[in-house]
Every structure is written in C-alpha cells, then in structure tokens.
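Here is how the chains run, residue by residue.
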Amino acid sequence: MSNIDDIDRRILRELTRDGRISNLALADRVGLSPSACLRRVAALEKAGVVAGYRAVLRPDKVGIGFVAYVTVGLNTHTKASQEAFERAMARAGEVRECHNITGAVEYLLRVEAADLAAYKHFHTEVLGALPQVNTLQTYVVMGSPKDERG
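This report concerns the structure included in the present document. (Residues numbered from 1 in each chain as written. Predicted model: local features only at pLDDT ≥ 70, side-chain atom pairs only at ≥ 80, totals over all residues. Heavy atoms only, no water.)

## A look at the pattern of salt bridges
Piece 1. What the rule picks out here adds up to 10 salt bridges.
Piece 2. Across the salt bridge formed by arginine 58 and aspartate 60, the nearest N and O atoms sit 3.0 Å from each other.
Piece 3. A salt bridge links glutamate 112 to arginine 96; the nearest nitrogen and oxygen atoms lie 3.7 Å apart. One end of the pair, glutamate 112, is in strand 3 (residues 107-113); the other, arginine 96, is in strand 2 (residues 95-100), and 16 residues separate them in sequence.
Piece 4. With relative accessibility at 16%, the residue glutamate 112 sits in the buried group.
Piece 5. Judged by its relative accessible area of 54%, arginine 96 is exposed.
Piece 6. Salt bridges sharing partners connect three or more residues here, namely Asp5, Asp8 and Arg40. (Salt bridge = Lys/Arg side-chain N within 4 Å of Asp/Glu carboxyl O. Helix = DSSP H or I, 4+ residues; strand = E, 2+ residues; numbered from the N terminus. Buried < 20%, exposed > 50% of the residue type's maximum accessible area, 1.4 Å probe, protein only.)

## Re the sheet that holds strand 3
Piece 1. What the 4 strands build is an open sheet, ordered 2-3-1-4; its pairing is antiparallel. The open sheet has two edge strands with one neighbour each: strand 2 and strand 4 (133-140). The sheet shows a mean angle of 20 degrees between the axes of neighbouring strands, taken without regard to direction.
Piece 2. Of the pairings in the sheet, the one linking strand 2 to strand 3 comprises 5 bridges and is antiparallel in character. By the bridge assignment for strand 3, glutamate 97 is matched with arginine 110.
Piece 3. Packed onto the sheet, helix 4 (residues 79-91) meets strand 1 (66-74), strand 2, strand 3 and strand 4 and runs at close to 15 degrees relative to strand 3. (Pairing = 2+ DSSP bridges. Axes fitted to C-alpha atoms, helices over the stretch in contact; angles between N-to-C directions. Contact = heavy atoms within 4.5 Å.)

## Considering the side chain of arginine 110
Piece 1. Tracing the sequence through the fold places arginine 110 in strand 3.
Piece 2. Each residue touching arginine 110, except ones within four places of it in the same chain, is listed here: Val67, Ala68, Tyr69, Glu94, Val95, Arg96, Glu97 and Arg149.

## Considerations on the packing of helix 1 (residues 6-17) against helix 3 (residues 34-46)
The relative placement of two packed helices comes down to the angle between their axes together with the axis-to-axis distance.
Piece 1. Direction vectors running N to C along helix 1 and helix 3 enclose 80 degrees, while the axes themselves pass 11 Å from each other. Of the possible angle classes, the one that applies to helix 1 and helix 3 is roughly perpendicular. Taking contact as the criterion, the partners of Ile7, Asp8, Ile11, Leu12 and Leu15 in helix 1 are, on helix 3, Arg40, Val41 and Leu44.
Piece 2. Here the residues of the contact of helix 1 with helix 3 are counted per class, giving 6 nonpolar, no polar and 2 charged. (Parallel < 35°, antiparallel > 145°, perpendicular 65-115°, else oblique. Nonpolar A, V, L, I, M, F, W, Y, C, P; charged D, E, K, R; others polar.)

## As for helix 3
Piece 1. Here helix 3 contains 13 residues, and its C-alpha end-to-end distance of 18 Å stays within 8% of the 18 Å for a straight helix at 1.5 Å per residue.
Piece 2. For helix 3, the full list of buried residues reads Ala36, Cys37, Val41 and Leu44. Seen along its axis, helix 3 keeps its buried residues to an arc of 135 degrees; they face one direction. Among the exposed residues of helix 3, those oriented more than 90 degrees off its buried face are Leu38, Arg39 and Lys46.
Piece 3. Packed against the buried residues of helix 3 are helix 1 and helix 2 (23-30).
Piece 4. Remark: glycine 48 follows helix 3 within two positions and exhibits a positive phi of approximately 85 degrees. (Expected span 1.5 Å × (residues − 1). Arc of directions from axis to C-beta.)

## Concerning the environment of tyrosine 119
Piece 1. Locating tyrosine 119 in the fold gives a position in helix 5 (residues 116-127).
Piece 2. Considered as a pair, tyrosine 119 and alanine 88 are 31 residues apart in the sequence and their alpha carbons are 16 Å apart.
Piece 3. In this structure the side chain of tyrosine 119 is engaged in a polar contact, spanning 2.5 Å, whose partner is the side chain of threonine 138. (Polar contact = N/O pair within 3.5 Å; in protein donor to acceptor, adjacent residues only side chain to side chain.)

Quick look at the structure:
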C-alpha cells in the first residue's frame with residue numbers, strides 16, 4: 001500500500017497512541033464518518049501496514065527494574081555465526097529487541113532484567129558464554145523521556 005494519504009497517516013498516528021480506541025472515537029479524531037474510518041483501518045490492516053496490536057506494559061509492574069542497550073561484536077563475520085547468535089537471542093527472555101546494525105559492531109540489543117544482579121548473570125552466563133561473541137558494551141537506561149514503542 002504505497003499510496004498512504006494524510007488521513008491514513010492521522011489514523012496511524014492515533015492507532016499508535018491508542019490501539020484500543022473505538023472506531024467512533026477514531027473517526028471523530030481524524031474527521032471521517034465511522035464507516036469510512038472502519039474501511040480505511042481494514043484496508044491498512046489488509047495491506048499489512050498495521051501488523052498488529054499489543055499491550056504496553058509498565059516495567060515496574062512486571063518486575064523489570066533494569067533496562068540496558070548492549071552492543072555486540074562478533075568474532076567471525078559469517079552467516080553461520082550470525083544465525084547462531086540470532087537463535088540464541090531468540091531464546092533469551094531478557095532480550096526484548098535484537099537489531100543487526102552497521103558500524104563497528106554487528107548487533108544492538110535491548111535487554112530487560114529484574115535488577116543489576118539479574119543483568120550481570122545474563123551478561124556473563126548467556127552473552128559471555130556464546131562462542132561467537134567478541135565484544136560487549138552496555139549502556140544502562142537511566143530514563144526514557146520519549147518512548148513511542150508500542
């Protein structure tokens with residue numbers, strides 16, 4: 001769906017803010033009739049522009065007290081090494097996001113743990129134990145004044 005217009009963009013912005021908004025409220029916010037709004041949302045979903053809806057959890061309410069971004073450099077730059085690392089990250093519950101990036105390192109992870117001790121265990125016993133890992137650098141999140149992840 002390459003012809004997204006301004007109304008579609010407004011719909012997407014509102015759905016990003018509140019995926020549970022009623023069609024009636026959404027239509028009102030974007031200036032459409034409810035039936036036209038419903039058709040547009042359905043078209044955006046069918047085209048795969050809207051891939052899904054999810055709950056946004058409060059970390060403190062689910063036992064997450066430590067969040068960090070971790071850069072990972074691999075010791076070999078082979079497809080097999082990358083695939084093995086990605087499989088390990090898919091199994092690691094602490095890893096909430098894993099991105100293959102360009103630059104001096106191969107991966108950027110978003111890691112969530114209960115506390116510093118739990119993170120240290122993950123860092124040492126999971127990441128540090130992987131044979132393909134060469135370098136790790138941790139950036140501890142001290143606050144998130146803007147976070148639009150859904």
